[in-house]
Amino acid sequence: MILQALNDYYRRKCDDPDPAQRLPLFGLEQKEIPFVLEITTKGELVQLHDTRSVNEKKKKVAQTFRVPQGVKKTSGVASNLLWDTLEYVLGVDTKGNPKRVADQHAHFVARIEALPPSARVDAGIQAILKFFGNFNVPQLEAQPAWPHALESNAVMSFRLHGDVDLVCQRPAVVNAVLNVPTDAEARLAMCLVTGDDAPIQRLHTSIKGVWGAQSSGANIVSFNARAFESYGKTERQGENAPVSQSAAFAYTTALNHLLRKDSSQRIQVGDASTVFWADRDSEFESIAVDIFGDPPKDDPDRGAHAVQALFKAIQSGKHGGVDDDNRFHVLGLAPNAARISIRFYHCLPLAELGERIGQHFKDLEMARGLYDPQYPSLKRLLQAVCLSTSSQPFGDIDRLPPNLGGAIVDAVFAGPDVPYPSLWLNAAVGRCRAEQNVNYYRAAAIKACLNRQIRRSSVTPINQPPEKEFLPMLDLTNTHPAYRLGRLFAVLERIQETSAGGPGKLNSTIRDRYYGAASSTPVAVFTTLLRLKNAHLKKLTVGQAAWFEKLVGEILDAVTDFPKHLPLPDQGRFALGYYQQRQDFFAKKPDDSTPITEGNPS
């Protein structure tokens, strides 16, 4: 299913109207070439051109060219056609192994000479062969870019002076490449991707760009030990899962395209390198990246705008047009030594995609302050449950288990009743206790986790009636003891603040001293807090004291006893009760002239 979807995406991108986004044909690949040897038709060196430029992140990035597909590098000598490292192309030793370098260069030249006659007569090929015949190292050493190329054994290729394309991009060379079999010994079998009888790819091209995987690339399909091989297919590697040469090229090229550095369809969520694509071209093809990715500094509202655009399209019925049956794919990849593991995969139409993203933000919806975002980004939600450091004031996300972010994205697309990972709830509750503070992001994460657990338990038959889901704002009808105790703690803190002249007058409140114990072992501290409350009430006016006493009584009406211990989910309910009661104190009431209401003292 995944390889078929990637194969279809490759076929579509081959015909992309934008040449920059067009994928290479079978036998070719997109490759960054940092240095280009510009030569005349007589093989004379004009210059060693440095194609690198500084990008927005102040890093040098080489220009990308469409070149003949590279061979899979091993410990042996194997050269690419018309492009390779400096040692292969020029035979100049950079690592102190001149004999091996000589073999490499000889192999590089031999591949050029082995081209069919139709390609060898091309002016570019003739110029390269003349260049090798008159090779002059001192002339290269005089080039300004030579030290940089030599230092890194950089990848390079050839171009005729005055041309825009490389020699390997000239029509005669491209035709020769496309007409040469990639493996003369390939066996015919039915391809599992296309269903056609075709030559089978023995070794699949490596997938690059997966975070944490080997820098040289890793494989989704590979067999390198007898334990993985089928009977009768020992040491025949790719034949154990037959994929044709063209299909293997298609899916690996498409996936490498999606995982490229500047891809607008890729995000990094923990250790999961996640890519998105659609069956057909759509303006929403990269919307998930804007929604779940970290917004750029120059456009911090990009995520919110993307969510609003998606919701507007769903509500207006726009998805009922060209995108009605257009499926959207979400693929999460994680490193596993020399292989790549599939962390998750989902295939959804736009309407269902929008519904699941909408449910995610509905679960996160929470009463918020003026500067809190309506649609919080996943990165900020994860940072909120991490320990903050001097370099990461919002939270050091590297301290979290790397699979947490990917598990959250998986739950979002898996369905509205699929619980978020319990680790997210544990981390949010634990950070509330450690810092004695329940902020907007932690409260939103706790509410989302609990509501999904509640929905899942309501689907599963149990002996007791299902619990009511938590609302974004204060719920006066919620009688859960943990939620009520959280509300009570917020009221007791408010009484203390009011007796001192209002919020901000005290250096610390009962929250700074008692929150951890109150949220985990209520019986140990609430009797003490209620006694302190009586002393604080004496400093208030009669009206304020009466209002607070009434509010405390209404909250405790549903609490029969203070529990000895609250399990972790109930500690989350405590945090929600505390946060929502605090937000309600500062919320604007319908009529501020009312002397004493349920929401606030006058």
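Definitions and limits used
- Residues numbered from 1 in each chain as written.
- Predicted model: local features only at pLDDT ≥ 70, side-chain atom pairs only at ≥ 80, totals over all residues.
- Heavy atoms only, no water.
- Pairing = 2+ DSSP bridges.
- Helix = DSSP H or I, 4+ residues; strand = E, 2+ residues; numbered from the N terminus.
- Axes fitted to C-alpha atoms, helices over the stretch in contact; angles between N-to-C directions.
- Contact = heavy atoms within 4.5 Å.
- Expected span 1.5 Å × (residues − 1).
- Buried < 20%, exposed > 50% of the residue type's maximum accessible area, 1.4 Å probe, protein only.

Draft legend 1. Quick peek at the sheet that holds strand 14 (residues 339–349). Across the sheet, which stays open at both edges, the four strands sit in the order 11-12-13-14 with antiparallel pairing between neighbours. The sheet is open, and its two borders are formed by strand 11 (266–269) and strand 14, each paired with just one other strand. The mean angle between the axes of side-by-side strands here comes to 20°, regardless of whether they run parallel or antiparallel. Sheet analysis places strand 12 (residues 272–278) next to strand 13 (residues 327–336), joined by six bridges and oriented antiparallel. Residue pairing across strands places valine 275 opposite leucine 331, the latter belonging to strand 13. Together, strand 11, strand 12, strand 13 and strand 14 form the strand contacts of helix 14 (residues 404–414), whose direction differs from that of strand 14 by roughly 25°.

Draft legend 2. Fine view of the sheet that holds strand 7 (residues 83–85). Across the sheet, four strands lie side by side as 3-2-8-7; this open sheet has mixed pairing. Of all the strands in the sheet, just strand 3 (45–50) and strand 7 have a single pairing partner and so form its edges. Between one strand axis and the next, the sheet turns by 25° as a mean value, whatever way the strands run. In this structure, strand 2 (residues 35–39) lies alongside strand 8 (residues 155–160), joined through five bridges in parallel fashion. Looking across to strand 8, one finds that leucine 37 is bridged to phenylalanine 158.

Draft legend 3. Looking closely at helix 15 (residues 422–435). Its 14 residues place the ends of helix 15 20 Å apart at the C-alpha level, agreeing with the 20 Å of an ideal helix rising 1.5 Å per residue. Buried residues of helix 15: Trp424, Leu425, Ala427, Ala428, Val429, Arg431 and Cys432, and no others. After helix 15 finishes, the residue glutamine 436 shows a positive phi value of roughly 55°.

Draft legend 4. How the structure looks around unusual backbone geometry. Although it is not a glycine, lysine 58 adopts a positive phi angle of roughly 65°. Locating lysine 58 in the fold gives a position in the loop between strand 4 (53–54) and strand 5 (60–61). Here the phi dihedral of leucine 82 falls at roughly 70°; this positive angle occurs in a residue that is not glycine. Tracing the chain through its elements places leucine 82 in the loop between strand 6 (63–68) and strand 7. Here leucine 82 falls in the buried class, since its relative accessible area comes to 1%.

Draft legend 5. The pairing of strand 12, seen in detail. Most of strand 12 sits out of view: seven of its seven residues are buried. Of the two faces of strand 12, both are covered, the one formed by Ala272, Thr274, Phe276 and Ala278 as well as the one formed by Ser273, Val275 and Trp277. One ladder, built from four bridges, connects strand 11 with strand 12; its direction is antiparallel. Across the sheet, the residue bridging to valine 269 is alanine 272, located in strand 12. Where strand 11 folds back onto strand 12 in an antiparallel hairpin, the turn is made up of two residues, including glycine 270, whose phi is positive at roughly 65°.

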